[in-house]
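# Structural overview
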Amino acid sequence: MKLPCLLIFRILCSFSIKLRRCVRLWHMPSGFLHLVGVNAASNKSVPPQMNIKNQAKKFGGYMKKAAVFNDLSGFGKCSLTAAIPVLSAQGVQCCPMASAVLTNQTGYEYHKCTDLTAMIKDYIYNWQKNNAHFDGIYSGFMTSSKQIELFMDFLDVFYEENTMLLVDPVMGDDGRTYGIYSAALLDGMKALSRKADVITPNLTEACLLADYDIEKVYSDTRKDVLLPLATEISEKLRSLSGKNQDVIITGIKCRDDKAPFIYNLVTTANGTTTHRSHFFDVSFSGTGDLFASVICGSRLNGFSTEEAAERAGKFLYDSIADTMNDDTAPNDGVNFEKFLRELM
């Protein structure tokens, strides 16, 4: 009698397990079952046309991907250390391409930079072999004209019809050029910027790209003088692109208001708009990278460029205002982390 009893016990256990599984499946939404590849009626794997890839649209679609070419700095809260969290908070996967690795950004008295120009070909080869595709491509700090040339090769492979290209042409700020600047770098940045769907130069970089005299542009910061001039520059940049490009000129500081303000100027096919924020007379590391990263993520999530600029401006204002309440050194960047929730 022992054998039949053991057999009956095993049958009952098996039946109990299947019953519990059916109860769990019964209480799950049918859409979820399709999403995970289970047919609620048969408890079997669904055919390929019903798998995650084809059902994802019902649940908001795939997470979009952006290839981001910028440096990686250990301190300064800039470049990739700004782009990765900001894009992630907006539901965009950041696929980083390091143009260089730095112990800390170059504003510090001591820093060491390792140039990674030689790796660009490796990114192209391996990502192409892995069949990578991107919804967005976003470039920032370039160490040389050679890097720009190789990045153009990257675009030849990965910049597709439905890919958004955003270029932040890092060359200078506040009327001065950075140490990396050269005539060759400018020529390369002009060519790269004209390929972009969106560019985010500050006023200094916009002057360089449009061949305006920087000293003359900065000589009169009255709002009724500087904003019309910046509009003229942005319209020229848009026309030079030869495409339906959106131009955002950032960091336009006007000092003749009752309280000083800083403006971001947006020129698109819809015309030109300005976005005003309170001007903090401190230049913090990484604010341009944070701004461009919000623009990139916002555009990939369906916001217009004007809406994206509004979001980026508020995010930066809140981050800078919070930072002004403590003793953070400008080179250390801003307290943006606690405001990432605004982007979610």
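Residues numbered from 1 in each chain as written. Predicted model: local features only at pLDDT ≥ 70, side-chain atom pairs only at ≥ 80, totals over all residues. Heavy atoms only, no water.

Contact geometry for helix α8 (residues 203-210) and helix α10 (residues 223-241): axes closest at 10 Å, N-to-C directions at 50°. Compared by their axis directions, α8 and α10 come out oblique. Taken as a pair, α8 and α10 cross one another with a handedness that is left-handed. The segment α8 lies against α10, with Leu203, Ala206, Cys207, Leu209 and Ala210 engaging Leu226, Ala230, Ile233, Lys236, Leu237 and Leu240. Its residues placed into classes, the contact of α8 with α10 shows 10 nonpolar, no polar and 1 charged. (Axes fitted to C-alpha atoms, helices over the stretch in contact; angles between N-to-C directions. Helix = DSSP H or I, 4+ residues; strand = E, 2+ residues; numbered from the N terminus. Parallel < 35°, antiparallel > 145°, perpendicular 65-115°, else oblique. Left-handed = near helix turned anticlockwise from the far one by under 90°. Contact = heavy atoms within 4.5 Å. Nonpolar A, V, L, I, M, F, W, Y, C, P; charged D, E, K, R; others polar.)

One open sheet holds the 9 strands; their spatial order is β3-β2-β1-β4-β5-β8-β9-β10-β11, and the pairing between them is mixed. Two strands close off the open sheet at either side, each with one partner strand: β3 (113-115) and β11 (271-278). The pairing of strand β5 (residues 164-167) with strand β8 (residues 198-199) spans 2 bridges and is parallel. Opposite Leu166, over in β8, you have Val198 as the bridge partner. Its contacts with the sheet put helix α11 (residues 287-300) on β1 (64-73), β2 (92-102), β4 (136-139), β5, β8, β9 (246-254) and β10 (261-268), and the angle it makes with β5 is roughly 170°. (Pairing = 2+ DSSP bridges.)

A word on the nonpolar core. Residues Trp127, Ile137, Phe154, Leu192, Ile252, Ile295 and Phe315 are the most contacted members of the largest nonpolar core, which totals 85 residues. The residues touching Ile137, leaving out its near neighbours within four places in the chain, are Ala67, Phe151, Phe154, Leu155, Phe158, Tyr159, Thr163, Met164, Leu165 and Leu166. (Core = buried A, V, L, I, M, F, W, Y, C linked by side-chain atoms within 4.5 Å. Buried < 20%, exposed > 50% of the residue type's maximum accessible area, 1.4 Å probe, protein only.)

Per the counting criterion, the structure on display carries 9 aromatic pairs. Where Tyr123 meets Trp127, the ring centres are 5.1 Å apart and the plane angle is 70°; that geometry is what we call edge-to-face. Pair noted here: Tyr123 and Trp127 are both in helix α5 (residues 120-129), with a separation of 4 residues, about one helical turn. Comparing Tyr123 with Trp127, the two get one shared label, buried. Note on Phe280 and Tyr317: the rings are 5.6 Å apart at their centroids and 35° apart in plane angle, and the pair reads as tilted. Remark: Tyr317 occurs in helix α12 (residues 305-323) and Phe280 occurs in the loop between β11 and α11; sequence separation between them is 37 residues. In this structure Phe280 comes out as buried when scored by relative accessible area, which is 16%. Exposure remark for Tyr317: the relative accessible area of 36% places this residue in the partly exposed category. Between Arg276 and the ring centre of Phe261, over which it is positioned, the NZ or CZ distance is 3.8 Å. (Phe/Tyr/Trp six-rings, centres within 6.5 Å; stacked < 30°, edge-to-face > 60°. Lys NZ or Arg CZ within 6 Å of the ring centre and 35° of its normal.)

Don't take any of this as a statement about function, it's just geometry.
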